[in-house]
Amino acid sequence: KKPFHIVSPLLESLSLSRAGGTRVYMKLENIQPTGSFKIRGIGHLCQEVARRGCRGFVCSSGGNAGLAAAYAAKKLGLPITVVVPSTTGPGTVRKLEELGAEVEVSGQVWDDANRRALELAETKGWVSIHPFDHPLLWQGHASLVQELKDSLDTKPAAIVLAVGGGGLLAGVVAGLHQVGWQDVPIVAAETWGAHSFHAALAAGRLVTLPDITSVAKCLGAKTVSARALECAQECQIISQVVEDTEAVRAVEQFLDDERMLVQPACGAALALLYTGRLQQLQREGRLRAPLGSVVVVVVCGGGGIQAAQLRALKSQLGLE
């Protein structure tokens with residue numbers, strides 16, 4: 001069956017290249033049908049379980065995963081309930097409803113919504129679509145790396161991406177294995193207050209954060225997936241954590257530079273370039289200097305943000 005995602009453009013960014021001190025290419029996942037990379041994995045997972053006779057879906061999500069699942073359900077002609085935490089913006093809820101999803105609000109953070117989604121799936125006999133923790137999901141996300149292989153003349157010097165629950169990370173690692181690029185380092189960005197991957201790496205085991213305090217709610221899984229931690233054994237993954245202010249400044253800078261509005265979760269990855277972290281990693285000897293090839297940044301999504309929200313975030317963080 002034809003996948004639900006598109007082959008997203010890979011474009012050189014002059015402003016990010018200038019900031020990062022090397023040639024930087026953007027993998028524009030923000031222009032996927034539902035506004036984020038999530039449609040790759042979730043679309044693939046929904047198609048597979050539908051083929052096996054599933055009668056409906058339940059998905060827990062603060063935004064992008066829910067939008068992808070609702071889009072896939074609509075394409076497949078199946079019912080879906082999306083359970084969102086109370087922090088989800090009205091714009092996202094409206095989009096979910098426009099896609100034909102039934103929306104239920106439960107709890108303060110994604111973990112609460114997920115508990116409710118699992119109960120619902122059990123009651124209705126539907127399939128629970130996990131936003132980041134499923135092998136079919138990672139298989140779908142791996143297509144991103146195959147596209148890089150098809151577009152680039154040589155393998156990248158590094159891939160910069162954001163980590164929430166770890167689904168994108170697991171998919172990219174799977175993709176690197178598939179194309180024989182296991183030695184490409186991944187620079188993984190999170191914000192403080194949603195840094196469950198960074199905390200797990202430091203502890204050498206899964207760590208549950210007491211709460212999600214970052215404004216980057218899309219990165220808000222209190223515990224990262226076990227697979228994300230395994231990935232760190234298989235590839236060189238450099239974990240970096242940025243402040244909320246850096247992520248939101250990066251969102252605004254990217255809007256000015258590239259005329260695209262993305263979410264703070266994506267801003268975390270962009271902030272690594274804008275704040276000179278790449279050069280710092282080279283000085284520390286954690287990345288090769290000079291890099292020699294292009295750096296790819298995954299522009300993971302902008303489906304759940306509007307101009308008014310960016311203004312509100314700036315005001316909340318004292319960036320006016």
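Quick notes on the rules
- Residues numbered from 1 in each chain as written.
- Predicted model: local features only at pLDDT ≥ 70, side-chain atom pairs only at ≥ 80, totals over all residues.
- Heavy atoms only, no water.
- UniProt positions renumbered as here; feature names shortened; annotations may be inferred.
- Disulfide = S-S within 2.5 Å.
- Buried < 20%, exposed > 50% of the residue type's maximum accessible area, 1.4 Å probe, protein only.
- Helix = DSSP H or I, 4+ residues; strand = E, 2+ residues; numbered from the N terminus.
- Pairing = 2+ DSSP bridges.
- Axes fitted to C-alpha atoms, helices over the stretch in contact; angles between N-to-C directions.
- Parallel < 35°, antiparallel > 145°, perpendicular 65-115°, else oblique.
- Contact = heavy atoms within 4.5 Å.
- Nonpolar A, V, L, I, M, F, W, Y, C, P; charged D, E, K, R; others polar.
- Phe/Tyr/Trp six-rings, centres within 6.5 Å; stacked < 30°, edge-to-face > 60°.
- Lys NZ or Arg CZ within 6 Å of the ring centre and 35° of its normal.

Taking an unreviewed UniProt entry as the reference, the protein is identified by name as L-serine deaminase belonging to Caloenas nicobarica. The Cofactor (unreviewed entry) comment attached to the protein in UniProt states, word for word, "pyridoxal 5'-phosphate". What UniProt states about the protein under its Sequence similarities (unreviewed entry) heading is, verbatim, "Belongs to the serine/threonine dehydratase family."

Some words on the state of the cysteines
The full count for this structure, using the stated rule, is zero disulfides. Summary of cysteine pairing: Cys231 is not part of a disulfide, and the nearest cysteine sulfur, belonging to Cys235, is at 7.0 Å. With relative accessibility at 0%, the residue Cys231 sits in the buried group.

Observations regarding unusual backbone geometry
A cis amide bond, omega -10 degrees, links Ala289 with the succeeding residue Pro290. Note that Pro290 resides in the loop between helix 13 (277–283) and strand 10 (295–299). For Arg259, which is not glycine, the phi dihedral falls at a positive 60 degrees. Of note, Arg259 is situated in the loop between helix 11 (244–258) and helix 12 (264–274).

So, the pairing of strand 2 (residues 24–28)
For strand 2, the tally of buried residues reaches five of five residues, placing the bulk of the element in the interior. Where burial is concerned, the two faces of strand 2 agree: the one with Val24, Met26 and Leu28 and the one with Tyr25 and Lys27 are both buried. Looking at chain direction, strand 1 (residues 10–12) and strand 2 are connected through three bridges and run antiparallel. Pairing of Leu10 across the sheet is with Lys27, part of strand 2. With five bridges joining them, strand 2 and strand 10 adopt parallel strand pairing. Paired with Tyr25 across the strands is Val296, a residue of strand 10.

Remarks on the packing of helix 3 (residues 64–76) against helix 4 (residues 90–98)
At their nearest, the axes of helix 3 and helix 4 sit 9 Å apart, and the two run at 10 degrees to each other. Judged on the interaxial angle alone, helix 4 and helix 3 are roughly parallel. Between helix 3 and helix 4, the contacting residues are Gly66, Leu67, Ala70 and Lys74 on the first element and Thr92, Lys95, Leu96 and Glu98 on the second. Taken together, the residues that form the contact of helix 3 with helix 4 break down as three nonpolar, two polar and three charged.

Focus on the environment of Leu137
Counting through the fold element by element, Leu137 comes out in helix 6 (residues 135–141). Among the residues examined, Leu137 registers a relative accessible area of 0% and is labelled buried. Excluding residues that lie within four positions of it along the chain, Leu137 makes contacts with Gly41, Ile42, Leu45, His130, Pro131 and Phe132.

Quick notes on the packing of aromatic side chains
Evaluation of the coordinates by the stated rule reveals two aromatic pairs. Between the aromatic rings of Phe4 and Tyr71, the centroid separation amounts to 6.4 Å while the plane-to-plane angle is 85 degrees, which identifies the pairing as edge-to-face. Here Phe4, found in the segment before strand 1, pairs with Tyr71, found in helix 3; they are 67 residues apart in sequence, far enough to count as distant. Pair check on accessibility: Phe4 and Tyr71 agree, each one buried. Taken together, a centroid distance of 5.1 Å and an interplanar angle of 50 degrees make the contact between Trp110 and Phe132 tilted. Placement of the pair is Trp110 in helix 5 (residues 110–124) and Phe132 in the loop between strand 6 (127–129) and helix 6, with a sequence separation of 22 residues. On the accessibility criterion, Trp110 (12% relative accessible area) is buried. When the ring centre of Trp126 is taken as reference, the NZ or CZ atom of Lys124 above it lies at 4.3 Å.

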